[in-house]
Amino acid sequence: MADSVARANGPAHKLLMEQSKSGVTVQLQPQFFTGNPLDRSADVLKKFDGGASPGSATEVSLIVVAGREVCVRPTISEDAAGTLQQDLQALLLGATDPELDLNSEHIAYTWRPDALEASAASSSAPDPAAGPAHRLPLYLLGRDRSDRWTFALDVSEVKAAFLRFLRSSCDLEVGMADLRALMPSLSRDACAIAGQAVALSQWHNSHRFCPRCGGETMPTETGLRRKCTREPAHKQYPRTDPVVIMLVESPDGRRALLGRNKKFTAGMYTCLSGFTDQCESVEEAVRREVREEARVQVEQVRIIGTQPWPIGRYGSCELMLACIAKAQSYEIMVNTAEMEDVQWYDRDELLAAVRLYEELPDATVQELQQLSMERLGFWIPPPVAIAHHLMRTWAMHDGPFFPGGPEGEVLQTKL
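Rules behind the numbers
- Residues numbered from 1 in each chain as written.
- Predicted model: local features only at pLDDT ≥ 70, side-chain atom pairs only at ≥ 80, totals over all residues.
- Heavy atoms only, no water.
- Axes fitted to C-alpha atoms, helices over the stretch in contact; angles between N-to-C directions.
- Helix = DSSP H or I, 4+ residues; strand = E, 2+ residues; numbered from the N terminus.
- Left-handed = near helix turned anticlockwise from the far one by under 90°.
- Contact = heavy atoms within 4.5 Å.
- Nonpolar A, V, L, I, M, F, W, Y, C, P; charged D, E, K, R; others polar.
- Parallel < 35°, antiparallel > 145°, perpendicular 65-115°, else oblique.
- Salt bridge = Lys/Arg side-chain N within 4 Å of Asp/Glu carboxyl O.
- Buried < 20%, exposed > 50% of the residue type's maximum accessible area, 1.4 Å probe, protein only.
- pLDDT = per-residue confidence, 0-100.
- Pairing = 2+ DSSP bridges.

Peer 1: Mind showing me how you'd approach the packing of helix 7 (residues 347-359) against helix 8 (residues 365-376) here?
Peer 2: How two helices sit against one another is set out by the angle between their axes and by the gap between those axes. Look at helix 7 against helix 8: their axes get within 11 Å of each other, and the N-to-C directions meet at 150°. Crossing handedness for the pair helix 7 and helix 8: right-handed. Across from Glu 349, Ala 352, Ala 353, Leu 356, Tyr 357 and Glu 359 in helix 7, the residues of helix 8 making contact are Leu 368, Leu 371, Ser 372, Arg 375 and Leu 376. Split by residue class, the contact of helix 7 with helix 8 holds 7 nonpolar, 1 polar and 3 charged.

In structure tokens form, the structure reads like this:
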């Protein structure tokens with residue numbers, strides 16, 4: 001019944017640079033949550049037929065999720081330290097398993113607590129899982145390289161009881177853990193699959209009512225969308241919210257603008273960011289957000305990378321649009337309604353903060369934070385976030401990022 005997605009440490013993200021006659025084009029490498037190995041193209045998903053055999057494979061794979069948490073199992077790393085790691089745990093069921101309902105408009109996995117589980121639930125505080133069978137929603141994610149269909153299984157309503165079931169009845173040493181905390185130890189493939197599962201299940205949980213008429217909605221088309229039960233013509237599709245995140249270079253090209261809001265962990269400074277408004281370009285959003293948060297004027301903006309972020313604010317899935325921008329002014333006026341502090345940092349300071357992660361790859365994030373605070377008085381996000389790579393890119397760049405005349409003209413590459 002069980003399978004796992006193994007951990008594999010890939011090379012650190014590096015900078016792609018292509019020389020051209022007119023200058024240098026800088027592009028970030030693919031980030032965490034990208035490179036999903038599942039085939040989720042429309043033509044493949046349309047081939048799923050729950051009424052027949054679900055494909056050439058005889059099994060289906062279930063990724064267990066509850067909010068931002070995913071099911072994982074502990075493993076020992078292969079390095080000399082033998083570090084305790086965690087791998088994504090997938091559940092394998094036969095494609096014709098009677099507990100799987102893959103032929104309904106609302107596909108689901110029917111789980112009934114066994115006698116041992118029901119007894120455990122009733123011996124403590126009242127548990128919603130103690131009693132009749134539970135129809136847990138399934139959401140189709142895609143088809144893997146073995147032609148096996150993979151689904152997200154949302155156990156949010158019975159998380160504790162289902163976890164006990166996996167441990168006792170299935171003899172699995174598993175737990176539920178927050179996806180953000182898991183990122184450093186998961187393989188890139190596992191991270192992408194888990195991210196998709198978390199994003200899709202959270203979207204379903206937050207869109208249970210129709211925004212047009214208030215009627216209840218239900219999943220349809222294997223969880224690829226929702227429809228209103230009052231007015232079926234009212235449809236909802238999973239959404240992604242675009243967010244600009246920018247490293248702002250000073251007019252002289254020697255400093256970078258970083259900030260922190262009151263919700264950040266003490267000592268962390270990072271790139272400014274914000275949601276794009278409707279009918280607003282990426283460049284316009286960058287200029288507006290920097291002006292709103294720090295009152296710094298920005299002109300040139302260059303997009304150098306993107307990162308899906310399924311663990312966004314308020315349960316949303318975000319698409320981070322990473323930019324480097326050129327400031328036209330130095331003076332900072334912090335908007336205290338949004339930010340706690342905004343400062344200019346020298347290139348050497350930022351380079352030192354970046355190199356800590358590269359010089360001590362086996363240290364924990366907490367250890368690196370403490371060391372950075374002792375040496376520099378601040379710390380930056382780890383390499384799992386695209387903000388880190390924005391800062392690394394700028395800090396390791398030789399000279400101003402926007403070369404040219406006094407106005408900082410961008411050297412563009414002709415297509």
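Peer 1: Mind showing me how you'd approach the packing of helix 7 against helix 9 (residues 386-395) here?
Peer 2: Remark: helix 7 packs on helix 9, axes separated minimally by 9 Å, with the N-to-C direction vectors making an angle of 125°. Here helix 9 runs oblique to helix 7, going by the angle between their axes. The two elements helix 7 and helix 9 meet at a crossing, and its hand is left-handed. On helix 9, the residues touching Arg 347, Leu 350, Leu 351, Val 354, Tyr 357 and Glu 358 of helix 7 are His 388, Met 391, Arg 392, Trp 394 and Ala 395.

Peer 1: Which parts of the structure should I look at to understand the pattern of salt bridges?
Peer 2: Any two side chains of opposite charge can pair if their charged atoms end up close together. Evaluated as defined, the whole model comprises 20 salt bridges. For Arg 73, the salt bridge goes to Asp 87, with nearest N and O atoms at 3.7 Å. Taken together, the residues Arg 73 in strand 5 (residues 69-76) and Asp 87 in strand 6 (residues 84-94) connect sequence positions 14 residues apart. For Arg 73, a relative accessible area of 24% corresponds to the partly exposed category. Asp 87 sits in the buried class, given a relative accessible area of 5%. Its salt-bridge partner being Glu 105, residue Lys 227 comes within 2.8 Å of it at the nearest N-O pair. Of this pair, Lys 227 sits in strand 13 (residues 225-228) while Glu 105 sits in the loop between strand 7 (100-101) and strand 8 (108-111), and the two are 122 residues apart along the sequence. Under the relative-accessibility criterion, Glu 105 is labelled partly exposed at 38%. Among the ionic contacts, a cluster of salt bridges with common partners joins Asp 277, Glu 280, Arg 288, Glu 289 and Glu 292.

Peer 1: What should I look at first to understand unusual backbone geometry in this one?
Peer 2: Across residues other than glycine, the phi torsion is negative in most instances, and most of the peptide bonds are trans. The phi angle at Glu 221 is positive, at roughly 50°, despite the residue not being glycine. Here Glu 221 falls in the partly exposed class, since its relative accessible area comes to 41%. For Arg 295, which is not glycine, the phi torsion reads 60° and is therefore positive. Position of Arg 295 relative to the elements: it lies in the loop between helix 6 (282-294) and strand 18 (298-309). On the basis of relative accessible area, Arg 295 is assigned to the partly exposed category, the value being 40%.

Peer 1: Before we go on, may I ask you to explain the confidence of the model for the chain in this structure?
Peer 2: In low-pLDDT regions, the fine details of the predicted coordinates are not to be read closely. Chain-level pLDDT for the chain is 86 on average; 83% of the residues reach the 70-or-more range. Long-range and interchain partners of residues 6-15, a stretch whose pLDDT sits below 50, account for 24 contacts in this model, where long-range means more than four residues apart.

Peer 1: Is there a simple way to explain the sheet that holds strand 14 (residues 235-236) in this structure?
Peer 2: Remark on secondary structure: sheet strands pair via backbone hydrogen bonds, oriented parallel or antiparallel. What the 3 strands build is an open sheet, ordered 12-13-14; its pairing is antiparallel. Of all strands in the sheet, those bounded by a partner on one side alone are strand 12 (217-220) and strand 14. Here 2 bridges tie strand 13 to strand 14, and the two strands are oriented antiparallel to one another. Residue Arg 226 lies in a different strand from strand 14, and its bridge partner there is Gln 236. Across the sheet, helix 5 (residues 188-205) lies against strand 12, strand 13 and strand 14, angled at about 10° from strand 13, the strand it touches most.

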